[in-house]
Amino acid sequence: MRIPPRRIARQTGIAWTAATALALVAPILITIWGAFSHSEFYGQRSEGAPVQGTADLFRYVLGIWGEALLHSAALVAAVVPLALLLGAPAAYAFRRRPFPGARWLESAALAPLALPGIALAVALIETAGGAPRFLLLVAGHLAYTVPLVLKTVGNALSGFDPALESAAKALGAPPVETTRRIVLPLLVPSLVLAALLVFAVSWGEFNVSFLLATPLLQTFPAALYSTYTTNSFPVAAAATIVFLLPVVPALLAIQALGGEEFHRGLPA
Amino acid sequence: MKVSLENVSYAYSEAPVLGGDAGNTGDTGDQGISLDLREGETTVVIGPSGSGKSTLLRLLAGLLHPRTGAVRFDGRDMVGVPTEKRDVGVVFQSYALFPHLTVRQNIAFGLTTARYRRQGHTPAEVDRRVAETAALLALEALLDRRPTELSGGEQQRVAVARALAPRPALLLFDEPLSALDARLRRTVRADLSRLLASLGTTVLYVTHDQEEALLLADHLVVLNRGQIVQQGPPLDLYRRPADPFVATFLGEANLLPVSRQGGRFVTALGTLPATLHVPEGKPLLLVRPEDLVVDPGGVRAGVAESRGLGPYDRVVLRLPGGPDLLAHLPPGTAPEAGAILGIALRPGAGHLL
């Protein structure tokens, strides 16, 4: 029996998608397996007490890397609002108030995404090495996250009719009222999406964080590096799970925002 | 409100769009456009795309500001006054309904903005006005829907209601029916015509559709390449256009060359009556398709095409040595293609330009 070529193409497509998904998920699955399925003995604390059992393993991980976790949280708490405050108005200017060279500049603003972390970190230290290290970290993270905001909010702006703003003005709304009652509610879905993306990227960012880290100021991904190099695999795997915990809800939320209802904008 | 444009021109990145030498004809120089909108009347501006008609509307709305000249509302120069401070309502071509608001909230929007808060309206008044306006446009049943849940015709009515609710002194319509299909456009056009007549508001209505223009206009302005070509009562412009552009833009037109033979003026349809005033230069005789009648004593013409369209029969006639003529004959009276018939100009019809 001959199988119709269209069916072969479809099944190849499904297999391809499944393989891609598996390749993306497999490292996480291996990590989870690593954290839970090993022997009772995980290692020795520096003060001598052994790490025993899964619960003790997580207690141990939080004990050594709790501070790094707090640094990461503080960094994300600063980077998410700042990226939105810098990116959203800039996206508006690019799409609604085009000036000569705006398109070129908008593309150029995406360039930091391709910049190796080491180059960015060295550039930051060269130009503002005397600044508090936390601020340098924030600056480094903004370079990687503002482009995401520009792109998400910019696309949302292109998706709605500029005549909406003219209509609000013709109905007697000054620019601030037009922004508050029309533009912002319509941008809420893209702003939420941008915030989640910024969170995910900033939370997991390693290169710049590692290079700018000081012994007293380490982010969790940077700390994770030394865990993987110095501790046993189960300890590192447990640390990774702690790290992934806040990312999962964020990723699920990003997925959920595909709904059409949400993209129509929020009710007043 | 009395609205006037005085010598207004507008250019988009140095390219004249309205006034000036927008058509690059070299003969208009730096002249701007001057136009008065009569109080309580509907002025329709018609022109092909790129003629500057939407620019004209946006200058009145304050969405654009002129390069030269003045825009006056009741004598006051409005140049520099932003849109939100002008007493205007705009119906956009795309409707521009707020997608995140219900129909009720869309209509109420103009009654709750800074401009109307200054007038101190109470929430009860806003509700009453919304209900009133919704009733005027038969939208009562749709008030709690979102714009995306409405048909094209319903969206169009919401757009009109929203512009109308604050009772602006000047209503601006930017090709508001162009997104509707032909059948719906006819009914909406008729409803709009009744509504505008009953409102008594000063209206500027921009369109490229000649039927819409003739039905809605108290005063018709024809725009081409950023300049006003002709203005006046709509039927006058249809019957007595100033040039071939206006003649063909406002309807189907046969334009016959006129030659001078001795003291008489002759066209392919015969000698012109001595009573007609014949302009200098190379005059043309405008014959509308409905101006031609079958007349056994008339000029012999061959029927090249013939088709009944319902309200009339559309016939293309071939004159010996002359141009083809388009004629609209009473339904069911046109002979088949290939026939020969006598054709004449209806008494009193025809216009020389």
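Note that the structure is a prediction, hence the values are computed from the model and not measured.

Rules of the game
Residues numbered from 1 in each chain as written. Chains lettered and ligands numbered in written order. Predicted model: local features only at pLDDT ≥ 70, side-chain atom pairs only at ≥ 80, totals over all residues. Heavy atoms only, no water. Phe/Tyr/Trp six-rings, centres within 6.5 Å; stacked < 30°, edge-to-face > 60°. Helix = DSSP H or I, 4+ residues; strand = E, 2+ residues; numbered from the N terminus. Lys NZ or Arg CZ within 6 Å of the ring centre and 35° of its normal. Pairing = 2+ DSSP bridges. Salt bridge = Lys/Arg side-chain N within 4 Å of Asp/Glu carboxyl O. Buried < 20%, exposed > 50% of the residue type's maximum accessible area, 1.4 Å probe, protein only.

### Observations concerning the packing of aromatic side chains
For the structure shown, the criterion picks out 10 aromatic pairs over all chains. With a centroid separation of 5.5 Å and an interplanar angle of 15°, the aromatic rings of Phe 245 of chain B and Phe 249 of chain B are classed as stacked. One end of the pair is Phe 245 of chain B and the other is Phe 249 of chain B, both in helix α9 (residues 244–249) and four residues apart, which spans about a single turn. Through pairs of rings, three or more aromatic residues link up here, namely Phe 199, Trp 203, Phe 220 and Phe 243 of chain A. Over the face of the ring belonging to Phe 73 of chain B we find Arg 86 of chain B, whose NZ or CZ atom lies 5.8 Å from the ring centre.

### So, the sheet that holds strand β14 (residues 264–267) of chain B
All names here are of chain B. The antiparallel open sheet is built from three strands, whose spatial order is β13-β14-β15. Edge positions in the sheet fall to β13 (259–261) and β15 (270–271), since each of these pairs with one other strand and no more. Strand direction decides the pairing type here: β13 and β14, joined by three bridges, are antiparallel. By the bridge assignment, Gln 261 is partnered in β14 with Arg 264.

### Considering the environment of Tyr 12 of chain B
Counting through the fold element by element, Tyr 12 of chain B comes out in strand β1 (residues 3–12). Through-space distance from the C-alpha of Tyr 12 of chain B to that of Asp 127 of chain B is 42 Å; in sequence the pair is 115 residues apart.

### Brief notes about the pattern of salt bridges
Scanning the entire structure with this criterion turns up 17 salt bridges over all chains. The partner of Glu 106 of chain A in a salt bridge is Arg 95 of chain A, and the shortest N-O contact between them spans 2.6 Å. Remark: Arg 95 of chain A occurs in helix α2 (residues 54–96) and Glu 106 of chain A occurs in helix α3 (residues 102–108); sequence separation between them is 11 residues. On the basis of relative accessible area, Arg 95 of chain A is assigned to the partly exposed category, the value being 24%. The residue Glu 132 of chain B makes a salt bridge to Arg 128 of chain B at a minimum N-O spacing of 3.0 Å. Here Glu 132 of chain B and its partner Arg 128 of chain B are both found in helix α4 (residues 123–136), four residues apart, which amounts to about one turn of the helix. Judged by relative accessible area, which is 38%, Glu 132 of chain B ranks as partly exposed. Judged by its relative accessible area of 43%, Arg 128 of chain B falls in the partly exposed class.

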